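# A look at the structure
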Amino acid sequence: MEHTAPQPCSPAKAGAQTGHPPSRVNMLLAFAALAMILMTLALLRPVDHDESQYVAAAILTAQGLLPYKDFAYLQTPLQPYLFAPIAALGGTWTWPALRITNALLGAATIAAVHHAARIGGASTRAATFAAALFATSDILLFSIGTARNDAFPAACLALALPAIVRTARDQASRRDAILIGALLAAAATAKISYALPALTYGIWTLFRADRRPWWTLLGTLPFVALTTALLIQAPEGFLFGVISFPGQAPTEWYQAHPWKLSNTAKIIDILKFLALGPALLAIVATAGKRDRWHRILDLLILAGLIAALAPVPTWRQYLLPMLPALFVRLALVWHAHPPGKAMRIAAVAFACAGLAPTVEAVASGRIPMLDAMRDAAVVREILDREHVTGPVATLSPQFLPGRAIDPRFATGPFYFRSTALLNADQERQLRLVSHARIALLGQPPVILTGGEGAWSSGDDRIDAALATYAIREGYRAVPVPDTRFTLYVARHASPRSAPHNSP
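Residues numbered from 1 in each chain as written. Predicted model: local features only at pLDDT ≥ 70, side-chain atom pairs only at ≥ 80, totals over all residues. Heavy atoms only, no water.

## Examining the overall build of the protein
Across its full length, the protein carries 21 helices and 4 strands. The C-alpha extent of the protein, read off along each of the three principal axes, is 75 × 50 × 45 Å. Each of the 503 residues in the protein was classed as buried or not, and the buried ones make up 55%. For the protein, the share of sequence-separated contacts (at least 6 apart) that also reach a separation of at least 24 residues comes to 75%. Summed over all atoms, the accessible surface of the protein reaches about 20,700 Å², with 65% contributed by carbon and sulfur. (Helix = DSSP H or I, 4+ residues; strand = E, 2+ residues; numbered from the N terminus. Buried < 20%, exposed > 50% of the residue type's maximum accessible area, 1.4 Å probe, protein only. Contact = heavy atoms within 4.5 Å. Areas by Shrake-Rupley, 256 points an atom, 1.4 Å probe, with all protein chains shown as cover.)

Structure below.
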């Protein structure tokens, strides 16, 4: 049911109910501490093969190659362009630099949730409690702890929430409308699952002129232009990477495990991921309690949930689009109806559950990123010793900053493990190679194996397929000392091999 809760006219008045609001200096110190914690966790988190395509895309884009045209990219196109300067500056340290960038974006996401709650009328205490609970969600911590494409769109959505809240409570300003349009479009242009929340907000603006729908649309135009330009330049590659592959590849890969594709598994996974942290508790705590203007937050939460339910199977990071608005709602509800002792105890318990996977992941006592950079350095040394300068074919391109990456492996293991998504001509056109047509690989100067396996959340079998091909083609095996990796050097490789890592 709807009711009218006390609505302070400004965050300052809201803070007056619980003492003075925190000073700007204290807020900056809190943000700095949060950022340092998240960056540390990002460096301590184990290697994940999901990172391969995002590191490779940033590196290849920094080299001047175009997504979809010169190499395959399996997401919407914005992130490689935004992260290319980081790759250019980061050099051999691109991978940890991208992890640190995502951790900083995660800190901005949490801070934006706090700020939006304050603008909505929540007290400092309620906003801080809700933002702190958000920060303990395993969905968020995983998403901002790896070099994937989750942190940037989540930050864009969260940074749009303060302006969305102002628009919902009062008449929208032109500045807010343009800002919201730009941020939501940027989120969708970095990850397609954010398109549904963006579209939901756009439709909501159409019901009242004072929400300035045309100014909101104006903010989206630069990102629409980028997407359209890339679509026109490489329509087949764009449509395959953005639409076809996400829709078909998971079903093909998991057909040997049909349970994972079932609705029952989806429901169990959704509940499990939401329960690893306070998200499930927040849904229960906010159910049926709202002011009229909260409806847009509810719509964004619902849109995020639907976006998570659409793909099969469902993974924890898919639920991130629903969380920023959910925890703003939680702050508003707990400001109007402070949680009792039982709810506070439950919140702490769920927070501990959300932190548990991260604690387990970083409890090895090692620094996986430093280990990975050491391995990458040894790989580069062996490549130099073997006088191989040509592009490296590997399912683990994230280990190759500073070396030429074979563009056909820009997607890491994710296209290579497919069997029938494209025919031979399409693979050639889109610069892809599947293990089913590995004969199309030809004779790259060097093949690197060892990075794709159970230890990196991958599958040893597909890396073994690449190694088997190299042996069959007469490559010379060169072990990389003190690592899991093996280089296979083509017999014809020479010191004068030239990279063909260009359009």
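Once you've had a look at it, read on.
## What about the sheet that holds strand β1 (residues 392–394)?
The strands making up a sheet associate through backbone hydrogen bonding, with each pair oriented either parallel or antiparallel. The strand order across the open sheet built from 4 strands is β1-β2-β4-β3, with neighbouring strands paired in mixed fashion. The open sheet has two edge strands, β1 and β3 (476–479), and neither has a second partner. On average, adjacent strands in this sheet sit at an angle of 25° to one another, irrespective of strand direction. Two strands pair when backbone bridges link them, and β1 and strand β2 (residues 446–449) are joined in this way by 3 bridges, in the parallel orientation. Bridge pairing in β2 links Ala393 to Ile447. Here helix α18 (residues 368–385) sits on the sheet in contact with β1, β2, β3 and β4 (486–489), set at roughly 25° to β4. (Pairing = 2+ DSSP bridges. Axes fitted to C-alpha atoms, helices over the stretch in contact; angles between N-to-C directions.)

## Notes on the nonpolar core
The biggest cluster of nonpolar side chains holds 117 residues, and the ones touching the most others in it are Trp95, Ile164, Leu323 and Phe327. Counting residues per element, this core draws most heavily on helix α8 (residues 151–169), which supplies 12 residues. Discounting chain neighbours no more than four positions away, the residues touching Ile164 are Ile180, Leu184, Tyr201, Ile296 and Leu300. Ala393, Ile438, Leu466 and Ala490 belong to the second-largest nonpolar core, a separate cluster that totals 16 residues. (Core = buried A, V, L, I, M, F, W, Y, C linked by side-chain atoms within 4.5 Å.)

## Some points on α18
In this model, α18 (18 residues) spans 26 Å end to end at C-alpha, consistent with the 26 Å of a helix rising 1.5 Å per residue. Of the positions making up α18, those classed as buried are Pro368, Met369, Ala372, Met373, Asp375, Ala376, Val378, Val379, Arg380, Ile382 and Leu383. The secondary structure elements touched by the buried residues of α18 are α2 (24–44), α5 (94–119), β1, β2, β3 and β4. Just downstream of α18 lies His387, where phi reads positive at about 60°. (Expected span 1.5 Å × (residues − 1).)

## Some points on the packing of aromatic side chains
What the rule picks out here adds up to 13 aromatic pairs. Ring centres 5.5 Å apart and planes at 40° place the aromatic pair Tyr201 and Trp204 in the tilted group. With Tyr201 and Trp204 both in helix α10 (residues 195–205), this residue pair falls 3 residues apart, about one helical turn. According to the relative accessible area criterion, Trp204 is buried, its value standing at 9%. Judged by centre distance (6.3 Å) and plane angle (50°), the rings of Phe399 and Trp455 are tilted. (Phe/Tyr/Trp six-rings, centres within 6.5 Å; stacked < 30°, edge-to-face > 60°.)

## Looking at the environment of Asp48
Along the chain, the position of Asp48 falls in the loop between α2 and α3 (52–62). When the C-alpha positions of Asp48 and Asp291 are compared, they lie 42 Å apart, and in sequence the two are 243 residues distant. In this structure, Asp48 is in contact with Arg99, Phe142, Gln398, Ser456 and Ser457, ignoring residues within four places of it in sequence. A polar side-chain atom of Asp48 sits 2.8 Å from the main-chain amide nitrogen of Asp50. (Polar contact = N/O pair within 3.5 Å; in protein donor to acceptor, adjacent residues only side chain to side chain.)

## Examining the pairing of β3
Along any regular strand the residues' side chains alternate between the sheet's two faces. Examined bridge by bridge, β3 and β4 share 4 bridges and lie antiparallel to one another. Bridge pairing in β4 links Arg476 to Val489. What sits between β3 and β4 in their antiparallel hairpin is a turn of 6 residues, with Asp482 showing a positive phi close to 60°.

## With respect to the environment of Thr167
Following the sequence through the fold, Thr167 ends up in helix α8. Distance from Thr167 to Ile180, taken between C-alpha atoms, is 9.7 Å for residues 13 residues apart in sequence. With residues near it in sequence (within four places) discarded, Thr167 still touches Ala172, Asp176, Ile180, Tyr201, Trp204 and Arg211. A distance of 2.9 Å separates a polar side-chain atom of Thr167 from the backbone oxygen of Ala163.

## A short note on a nonpolar patch on the surface
A contiguous nonpolar patch, built from Ile178, Trp214, Leu217, Leu218, Leu221 and Val224 and spanning about 570 Å² of accessible area, is present on the exposed surface. Sorting elements by how many residues they give to the nonpolar patch places helix α11 (residues 213–233) first, with 5 residues. For Leu221, the position within the fold is in helix α11. (Patch = residues over 30% accessible without salt bridge, like charges linked within 9 Å, V, L, I, M, F, W, Y side chains within 5 Å. Salt bridge = Lys/Arg side-chain N within 4 Å of Asp/Glu carboxyl O.)

## A word on the side chain of Thr76
Examined against the element boundaries, Thr76 turns out to sit in the loop between α3 and α4 (78–90). From its side chain, Thr76 meets the backbone oxygen of Ala188 in a polar contact 3.1 Å long. With sequence-adjacent residues up to four places away left out, Thr76 is seen in contact with Tyr68, Ala188, Thr189, Ala190, Lys191, Ile192 and Val242.

Note that all results are geometric; they support no functional claim without further evidence.
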